[in-house]
Amino acid sequence: MSNFVLNAHSGLRYLILLGGVLTVLYATYGVASGRAYDKTIRILASAFAGTIHLQILLGLALLLSGAGFQPVLIGHISMMVFAAAAAQIPVSVMRRRPEEAKSILPHGIGALVALALIAGGILAIRPSIFG
Ligand code: HEM
């Protein structure tokens, strides 16, 4: 069980990193070309934030299934929780704004900050982001 959850937790990182990179790239393109706020950025940013939240649940399941808590995990976990917040805040804020006040840039900034925190969170427990 613990091994299955560890493999899922380990593999989901690639989907999360892909979601983050696509969100940053699309936001950069959108801002640079002056595009209006659209469904694509909303879906990309929501999917990125959603997969981070799923990963947090898997991380908790990993701990509960006996992965063993080591103090080094404090850095891993706290950076990932901040990453989830950085990715989620622009999604929640934009959802509440009227259409004409929505903006692409906060999604790009939020995703970039989240990616940096995720990289830091992985490097807190492993020698490389992909290792
Ligand atoms: C974006 C969020 C997260 C990402 C991308 C992430 C990524 C990773 C990666 C890549 C590993 C190494 C897996 C391997 O050895 O192949 C790992 C291990 C682990 N993570 Fe996460 N993690 C996240 C959030 C969390 C959270 C929120 C928790 C706990 C609440 C957690 C708990 C753990 C545990 C217990 C391990 C195993 C450590 C060990 O065996 O040394 N993770 N995580």
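Note that the structure is a prediction, hence the values are computed from the model and not measured.

## Things to note about the overall build of the chain
Part 1 of the argument: Counting its secondary structure elements, the chain contains four helices and zero strands.
Part 2 of the argument: Counting from the amino terminus, the chain carries its helices and strands in the arrangement α-α-α-α.
Part 3 of the argument: Computed over its C-alpha atoms, the radius of gyration of the chain comes to 16 Å, within 12% of the 14 Å expected for a compact globule of 131 residues.
Part 4 of the argument: Overall, the C-alpha framework of the chain stretches about 50 × 25 × 20 Å when taken along its three principal axes.
Part 5 of the argument: Classification of the 131 residues of the chain by burial places 29% in the buried group.

## Side note on the site of the ligand
Part 1 of the argument: Close contacts around the ligand come from 22 residues, with Ser10, Gln55, Gly59, Ala67 and Met80 the closest.
Part 2 of the argument: When contributions to the shell around the ligand are tallied by element, the ones reaching two or more residues are helix H1 (2-32), helix H2 (39-67), helix H3 (73-96) and helix H4 (105-123).
Part 3 of the argument: Per-element tally for the shell around the ligand: the top contributor is H2, with eight residues.

## A look at the packing of H1 against H2
Part 1 of the argument: Here H1 crosses H2 at 160°, and the two axes come no closer than 8 Å. Between H1 and H2, the angle falls in the class roughly antiparallel. You can see that H1 and H2 cross each other, and the crossing is left-handed.
Part 2 of the argument: A per-class count over the contact of H1 with H2 returns 20 nonpolar, 12 polar and no charged.

## A closer look at H1
Part 1 of the argument: For H1, with 31 residues, the first-to-last C-alpha span of 45 Å sits near the 45 Å given by 1.5 Å per residue.
Part 2 of the argument: Of the positions making up H1, those classed as buried are Ile16, Gly19, Gly20, Thr23, Val24, Tyr26, Ala27 and Gly30.
Part 3 of the argument: Positive backbone phi, at 70°, marks Gly34, one or two positions downstream of H1.

## Description of the nonpolar core
Part 1 of the argument: Counting 23 residues, the largest nonpolar core has Phe48, Ile52, Ala83, Ala87, Ala111, Ala114 and Ile118 as its most contacted members.
Part 2 of the argument: Counting residues per element, the ones that place at least two in this core are H1, H2, H3 and H4.
Part 3 of the argument: When near neighbours in sequence (up to four residues on either side) are disregarded, Ala83 contacts Ile52, Ala114, Leu117, Ile118 and Gly121.

## Describing the packing of H2 against H3
Part 1 of the argument: Where H2 contacts H3, the axes come no closer than 9 Å and their chain directions differ by 150°. Judged by the inter-axis angle, H2 sits roughly antiparallel to H3. For the crossing formed where H2 meets H3, the hand is left-handed. Across from Ala45, Ser46, Phe48, Ala49, Ile52, His53, Ile56 and Gly59 in H2, the residues of H3 making contact are Ile77, Met80, Val81, Ala83, Ala84, Ala87, Gln88, Pro90 and Val91.
Part 2 of the argument: Classifying every residue of the contact of H2 with H3 by side-chain character gives 13 nonpolar, four polar and no charged.

## Examining the environment of Val31
Part 1 of the argument: One can find Val31 in helix H1.
Part 2 of the argument: Sequence spacing of Val31 and Ile104 is 73 residues, and the spatial spacing of their C-alpha atoms is 6.7 Å.
Part 3 of the argument: Leave out the neighbours within four places in its chain, and Val31 touches Ile104, Leu105 and Gly108.

## Observations regarding H3
Part 1 of the argument: Look at H3: 35 Å from first C-alpha to last across 24 residues, which is about the 34 Å you get at 1.5 Å a residue.
Part 2 of the argument: Along H3, the helix axis deviates most sharply at Gln88, where the bend reaches about 30°; the proline Pro90 sits within four residues downstream.
Part 3 of the argument: Turning to H3, its buried residues number three or more, namely Met79, Met80, Ala83, Ala84, Ala86, Ala87, Pro90 and Met94.
Part 4 of the argument: Looking at the buried side of H3, the elements it contacts are H2 and H4.

Cut-offs applied
Residues numbered from 1 in each chain as written. Predicted model: local features only at pLDDT ≥ 70, side-chain atom pairs only at ≥ 80, totals over all residues. Helix = DSSP H or I, 4+ residues; strand = E, 2+ residues; numbered from the N terminus. Rg over C-alpha atoms; globule rule 2.2 N^0.38 Å. Buried ≥ 20, exposed ≤ 12 C-beta atoms within 10 Å, placed from the backbone. Near = placed C-beta within 6 Å. Axes fitted to C-alpha atoms, helices over the stretch in contact; angles between N-to-C directions. Parallel < 35°, antiparallel > 145°, perpendicular 65-115°, else oblique. Left-handed = near helix turned anticlockwise from the far one by under 90°. Nonpolar A, V, L, I, M, F, W, Y, C, P; charged D, E, K, R; others polar. Expected span 1.5 Å × (residues − 1). Core = buried A, V, L, I, M, F, W, Y, C linked by C-beta atoms within 7 Å. Contact = placed C-beta atoms within 7 Å. Bend = angle between axes of the 7 residues up to and from the residue.

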